[in-house]
Amino acid sequence: MREECMEMYCTGCGLCSMESGVRFLQDDKGFRRPVPGTEAGRDFMELVCPAGGRASFCMSGDEIWGAAVAVYKGWSSNRHVRGQASSGGVLTELCCYLLEHQMVDGIIQTRAGREIPYSTETVVSRTAEEVRACMGSRYSVSSPLASVRQLLVDGERYAFVGKPCDASALRMYLTKDNVMAGQIAYIFSFFCAGMPSNDAQKRLLRELGCEKESDCVCLKYRGDGWPGFATAFHRTGRQTKMTYQDSWGKILGRDVCRSCRVCLDGIGEFADISCGDLWYMTEDRRPDFSENDGRNVIFARTPAGNELVQMAYRSGDLVVEAYDEYKDELKDVQKYQFERRACMGSMLAALRLFGRTVPRYDRKIMRKFARNAPFGLRCRRFMGTVKRIVKRRI
């Protein structure tokens, strides 16, 4: 079962490659998969690997939105950062704050690759200017932990920014590596609804008028507004754009990694600070995706994370206010995240019914999550999963 979970629900973070030399191949959709017959040690799989599911909730308990010292709504006070980042620019601003106040020596983060428009690379940013050059979402395959040890310099301290599954793997790994734990001062994450395939990237490019990857010199997914537009910068100098609803809702979000479909942590539970889009709402209680000034929901999940938010607020780098009503409002504002967590037990029950291997999440906690959702919604999620299995979409 352990090996099946590793192969089926691997997130491709790359940490086991760094730790145990596990070899990976790229599948036909562009996702990184462990080579059959190679695996990390049992202790690594049980404690660290997100694919097994056992590491979940070791940090955050059983709250539907995860544990938090404090929850805020806020944004960067820098108009440029707020306008160009994916939403409110809070994580960008915090990274800049850490570097400018010499609290860390570098920020380990992901930026656009140099070869293919949708490719990514993991870098260490050492100045605020380098951090700002990485602003904006990268809705594409990334493996930020594959070389994390090689990026560290003895005697230096870092902050890490990654997907929730990356944050989970790194946090649990630091419990067994005291040396690295002394160098990773902060872990930041963001709300994530899935990692799209390369097939989805190519379709997006075609819809933006780039028949060949080489026709596009730069692909931006978000930013330059909120939510901003997916924008292809053509080799000819032309730009073509697509709304967030169309780029994510109709293309990228329809073809994500298998593990993302059954991921219980899309909200960065293992991070010191995790941020998501704090959408404004329409009159009928739906997220409003029309262009606005960006803002984040900010989960300070550890005392260190909360202290950092407060320092950035006192210095004027962040505009924040307490978000005490988040438990009532986020179920509509972040509807996908809420329903996925509340209905995960129903979805996994459908998979088990068809003999599928599923992540080993704590069933008691999933039952507690389920109490937050109406019975009818859980039934619809169950039947929806059954239909996807029958249609071979899962």
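As shown above, the structure is provided for reference.
Let me begin by describing the structure that accompanies this report. (Residues numbered from 1 in each chain as written. Predicted model: local features only at pLDDT ≥ 70, side-chain atom pairs only at ≥ 80, totals over all residues. Heavy atoms only, no water.)

Turning to the overall build of the protein chain, a few remarks are in order. Across its full length, the protein chain carries 18 helices and 13 strands. Scaling as 2.2 N^0.38, a compact globule of 394 residues should have a C-alpha radius of gyration of about 21 Å, and the protein chain matches this with 20 Å. With the principal axes as the frame, the protein chain shows a C-alpha extent of 50 × 50 × 45 Å. Residues counted as buried form 55% of the 394 residues belonging to the protein chain. Taking contacts inside the protein chain between residues at least 6 apart in sequence as the whole, the part at least 24 apart equals 71%. (Helix = DSSP H or I, 4+ residues; strand = E, 2+ residues; numbered from the N terminus. Rg over C-alpha atoms; globule rule 2.2 N^0.38 Å. Buried < 20%, exposed > 50% of the residue type's maximum accessible area, 1.4 Å probe, protein only. Contact = heavy atoms within 4.5 Å.)

Enumeration over the complete set of coordinates arrives at 20 salt bridges. Of the charged contacts, one joins D255 and K29 as a salt bridge, the two residues approaching to 3.1 Å between their closest N and O atoms. Linking D255 in the loop between α11 (244-251) and α12 (258-261) with K29 in the loop between β1 (24-26) and β2 (32-34), this pair joins segments that are 226 residues apart in sequence. With its nearest N and O atoms 3.7 Å apart, the salt bridge here joins E100 to R132. In this pair, E100 sits in helix α5 (residues 90-100) while R132 sits in helix α6 (residues 128-132), placing the two residues 32 residues apart along the sequence. Ionic contacts of the salt-bridge type, sharing partners, join the residues K29, D199 and D255 into one network. (Salt bridge = Lys/Arg side-chain N within 4 Å of Asp/Glu carboxyl O.)

Let us now look at the sheet that holds strand β8 (residues 216-220). Across a sheet, paired strands are connected by hydrogen bonds in the backbone, their directions being either parallel or antiparallel. Spatially, the three strands line up as an open sheet ordered β8-β9-β10, and their pairing is antiparallel. The open sheet terminates on both sides in strands that have one partner only, identified here as β8 and β10 (239-243). Across the sheet, the mean angle separating the axes of adjacent strands is 15 degrees when strand polarity is ignored. Examined bridge by bridge, strand β9 (residues 229-234) and β10 share five bridges and lie antiparallel to one another. The partner of T231 across the bridge, within β10, is K241. Sitting on the sheet, α11 is in contact with β9 and β10, with an inclination near 70 degrees to β10. (Pairing = 2+ DSSP bridges. Axes fitted to C-alpha atoms, helices over the stretch in contact; angles between N-to-C directions.)

Another point: a positive patch on the surface. A cluster of basic residues, K202, R203, R206, R254, R261, K387, R388, K391 and R393, forms a positive patch at the surface. At the level of secondary structure, the elements contributing two or more residues to the positive patch comprise α10 (198-207) and α18 (375-390). With three residues, the top contributor of residues to the positive patch is α10. Structurally, the position occupied by K391 is in the segment after α18. (Patch = residues over 30% accessible without salt bridge, like charges linked within 9 Å, V, L, I, M, F, W, Y side chains within 5 Å. Areas by Shrake-Rupley, 256 points an atom, 1.4 Å probe, with all protein chains shown as cover. Lys, Arg positive; Asp, Glu negative; His and termini not counted. Charge placed at Lys NZ, Arg CZ, Asp CG, Glu CD.)

The step from W226 to P227 runs through a cis peptide bond, and the omega angle for that step is 5 degrees. You can see P227 is positioned in the loop between β8 and β9. Here the phi dihedral of Q102 falls at roughly 55 degrees; this positive angle occurs in a residue that is not glycine. Structurally, Q102 can be placed in the loop between α5 and β4 (106-112). A positive phi angle is found at D224, which is not glycine, with a value near 55 degrees. Summarising the element assignment, D224 is placed in the loop between β8 and β9. Residue classification places D224 among the partly exposed residues on the basis of a relative accessible area of 46%.

Here the focus is a nonpolar patch on the surface. On the surface, L353, F354 and V390 cluster together into a nonpolar patch covering about 310 Å² of accessible area. The topology assignment puts V390 in helix α18.

The next subject is α11. Among all positions in α11, only Y244, S247, W248 and I251 are buried. Along α11, the residues classed as buried sweep out an arc of 130 degrees about the axis, all on the same side. Tucked into the core, α11 has its buried residues touching α10, β9 and β10. (Arc of directions from axis to C-beta.)

What follows deals with the sheet that holds strand β11 (residues 273-277). The strand order β5-β4-β6-β7-β11-β12-β3-β13 describes an open sheet built from eight strands, whose pairing is mixed. Strands at the two margins of the open sheet, each flanked by one partner only, are β5 (120-125) and β13 (318-322). When strand polarity is set aside, the average angle formed by the axes of neighbouring strands in this sheet is 25 degrees. Across five bridges, strand β3 (residues 70-76) lies against β13 in antiparallel orientation. Across the sheet, the residue bridging to G74 is V320, located in β13. Sheet strands in contact with α5 are β3, β4, β5, β6 (158-161), β7 (184-190), β11, β12 (296-300) and β13, and its direction is about 165 degrees off that of β7.

Okay, the pairing of β4 next. Counting buried residues in β4 gives five out of seven residues, a clear majority hidden from the surface. Looking at chain direction, β4 and β6 are connected through three bridges and run parallel. Across the sheet, the residue bridging to I107 is A159, located in β6. Relative to β5, β4 runs antiparallel, the two being bridged by six bridges. For R111, the partnering residue across the bridge sits in β5 and is E121.

In this section: the layout of surface pockets. Which parts of space are left empty comes out when a probe the size of a water molecule is rolled across the atoms. Within this model, the second largest pocket holds a volume of roughly 490 Å³. Taken together, 26 residues line the second largest pocket, and the ones lying closest to its centre are A112, A133, R138, C218 and L219. For the lining of the second largest pocket, the elements supplying multiple residues, two or more each, are β4 and β8. Of the residues contributing to the lining of the second largest pocket, the split by class is 11 nonpolar, six polar and nine charged. (1 Å grid on protein atoms, 1.4 Å probe; cavity = no way out; pocket = protein on both sides within 12 Å on 5 of 7 lines; lining within 4 Å. Points joined across faces, edges and corners; volume = space filled by probe spheres on them. Nonpolar A, V, L, I, M, F, W, Y, C, P; charged D, E, K, R; others polar.)

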